[in-house]
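Residue-level structural notes
Each chain, written out:
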Amino acid sequence: MLNEISALTEVDRARSFGGWQIRYEHQSFVLDCKMTFSVYLPPQAEEANVSHVYWLSGLTCDDQNFVTKAGAQRYAAEQGLAIIAPDTSPRGNLIHDVDAWDLGQGAGFYLNATQNPWSKNYQMANYILTELIPTINKTQPIRPEQRGIFGHSMGGHGALTLALANPDLFKSVSAFSPICSPMHCPWGEKAFEQYLGQDSNAWKQYDSCELIKEHGLPWPVLVDQGTDDSFLEEQLKPELLVDASKGQPYPLILNMREGYDHSYHFISSFIGEHIKHHAQYL
């Protein structure tokens, strides 16, 4: 991990359920651009260090979508959990981008790109693992080893893959509507070919199903999926995650939520259950 962290600039702060919702900006060494991230500190953090969980958002989002739409602060305050919400990709006029909502800025896929021109900046896995986590550990009133991760859609994919590839870093994992096997859906195939190249063997390290097959499932995983999600059959494919998790020592808990879609209306309906899931392990 990086020994050096950049200085944080606080750009916004608001009182929320007795705690603080804070937004920071910093110059990222890994991504070579300015980045923002948000932190919710529950009221318990004013008295002692608290456990914490990372939230990874989906395609087209930044660090503010979850903060303003999910309603997570109430439940985080009840459980005494801090929530860290990074952006979804590098940003800025000097960062390569394309005219597509599912690739480029806002669509970093939480991986380390190896192909030009993406490889210069699109290193989101390294950013979270080697820069953001040490930054949070050194600057926030959290318990460094008591860390979980969850996310939505592309962010659900990111939460699962980062945790499965680094089980020593995370004690709890959950996801809303994750892209369960990017190797086998249009979103993932497009992004992986651009970011990682044509060799599908290089894709396996960022596919949850492949990681479970290779490394196993080291903790219970909670997944919520809406049955009326328009991306369910073509892009998300939770049945592949179920198949990969069969026979594992820990369970995959998949809740198919009747009538719910892919939106933050769905996330806000069940965010409290996910925060309780993390709290019991942290």
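Residues numbered from 1 in each chain as written. Predicted model: local features only at pLDDT ≥ 70, side-chain atom pairs only at ≥ 80, totals over all residues. Heavy atoms only, no water.

Re the overall build of the chain
- When its secondary structure is counted, the chain shows nine helices and nine strands.
- Against the compact-globule benchmark of 19 Å for 282 residues, the chain has a radius of gyration of 17 Å, which places it among compact chains.
- Dimensions of the chain along its principal axes, counting C-alpha atoms only, are 50 × 45 × 30 Å.
- Relative to its full complement of 282 residues, the chain shows a buried share of 57%.
- Partitioning the contacts of the chain with sequence separation of at least 6, the portion at a separation of at least 24 is 72%.
- Entry remark: accessible area of the chain is about 11,400 Å², with carbon and sulfur atoms responsible for 46%.
- Computing the positive centroid from 19 side-chain charges and the negative centroid from 33, the chain places the two 6 Å apart. (Helix = DSSP H or I, 4+ residues; strand = E, 2+ residues; numbered from the N terminus. Rg over C-alpha atoms; globule rule 2.2 N^0.38 Å. Buried < 20%, exposed > 50% of the residue type's maximum accessible area, 1.4 Å probe, protein only. Contact = heavy atoms within 4.5 Å. Areas by Shrake-Rupley, 256 points an atom, 1.4 Å probe, with all protein chains shown as cover. Lys, Arg positive; Asp, Glu negative; His and termini not counted. Charge placed at Lys NZ, Arg CZ, Asp CG, Glu CD.)

Description of empty space enclosed by the protein
- Under the criterion given, the structure shown has one cavity of 30 Å³ or more.
- Estimated volume of the largest cavity: approximately 50 Å³.
- As for the largest cavity, its lining consists of Gln21, Ser38, Tyr40, Phe66, Val67, Ala72, Gln73, Ile83 and Ala85.
- Of all the secondary-structure elements, those providing two or more residues to the lining of the largest cavity are strand S3 (33-41), helix H1 (64-69), helix H2 (72-79) and strand S5 (81-86).
- Residues of the lining of the largest cavity, tallied by class, amount to six nonpolar, three polar and no charged. (1 Å grid on protein atoms, 1.4 Å probe; cavity = no way out; pocket = protein on both sides within 12 Å on 5 of 7 lines; lining within 4 Å. Points joined across faces, edges and corners; volume = space filled by probe spheres on them. Nonpolar A, V, L, I, M, F, W, Y, C, P; charged D, E, K, R; others polar.)

Looking at the layout of surface pockets
- Here the largest pocket defines a volume of roughly 180 Å³.
- In terms of lining residues, the largest pocket is bounded by 14 residues, among which Leu59, Thr60, Cys61, His152 and His262 are the most central.
- A class-by-class count of the residues in the lining of the largest pocket yields six nonpolar, seven polar and one charged.

Regarding the nonpolar core
- The biggest cluster of nonpolar side chains holds 66 residues, and the ones touching the most others in it are Phe109, Tyr127, Ile149, Phe192 and Tyr195.
- Considering every element that reaches this core, the biggest residue donor is helix H3 (residues 124-139), with eight residues.
- With sequence-adjacent residues up to four places away left out, Ile149 is seen in contact with Val53, Tyr54, Leu56, Ala159, Leu162, Ala163, Phe170, Ser172, Val173, Ser174 and His278.
- In this structure, Ala76, Phe270, Ile271 and Ile275 belong to the second largest nonpolar core, which totals 20 residues. (Core = buried A, V, L, I, M, F, W, Y, C linked by side-chain atoms within 4.5 Å.)

Topic: the packing of helix H4 (residues 154-165) against helix H6 (residues 208-215)
- Running from amino to carboxyl end, H4 crosses H6 at an angle of 20°, the nearest separation of the two axes being 9 Å. Taken together, the axes of H4 and H6 lie roughly parallel to each other. As for the relative orientation of H4 and H6, their crossing is left-handed in sense. Residue-level contacts link His157, Leu160, Thr161 and Leu164 of H4 to Ser208, Leu211, Ile212 and His215 of H6.
- Its residues assigned to classes, the contact of H4 with H6 shows four nonpolar, four polar and no charged. (Axes fitted to C-alpha atoms, helices over the stretch in contact; angles between N-to-C directions. Parallel < 35°, antiparallel > 145°, perpendicular 65-115°, else oblique. Left-handed = near helix turned anticlockwise from the far one by under 90°.)

Structural notes on the pattern of salt bridges
- Throughout the structure, instances matching the rule amount to 11 salt bridges.
- For Glu46, the salt bridge is made with Arg15, and the minimal N-O distance between the two is 3.1 Å. Of this pair, Glu46 sits in the loop between S3 and strand S4 (50-56) while Arg15 sits in strand S1 (residues 9-16), placing them 31 residues apart in sequence.
- Here Arg15 falls in the partly exposed class, since its relative accessible area comes to 47%.
- Lys190 is paired through a salt bridge with Asp102; the nearest N and O atoms lie 2.7 Å apart. With Lys190 in helix H5 (residues 186-196) and Asp102 in the loop between S5 and H3, this pair connects stretches of sequence that are 88 residues apart. (Salt bridge = Lys/Arg side-chain N within 4 Å of Asp/Glu carboxyl O.)

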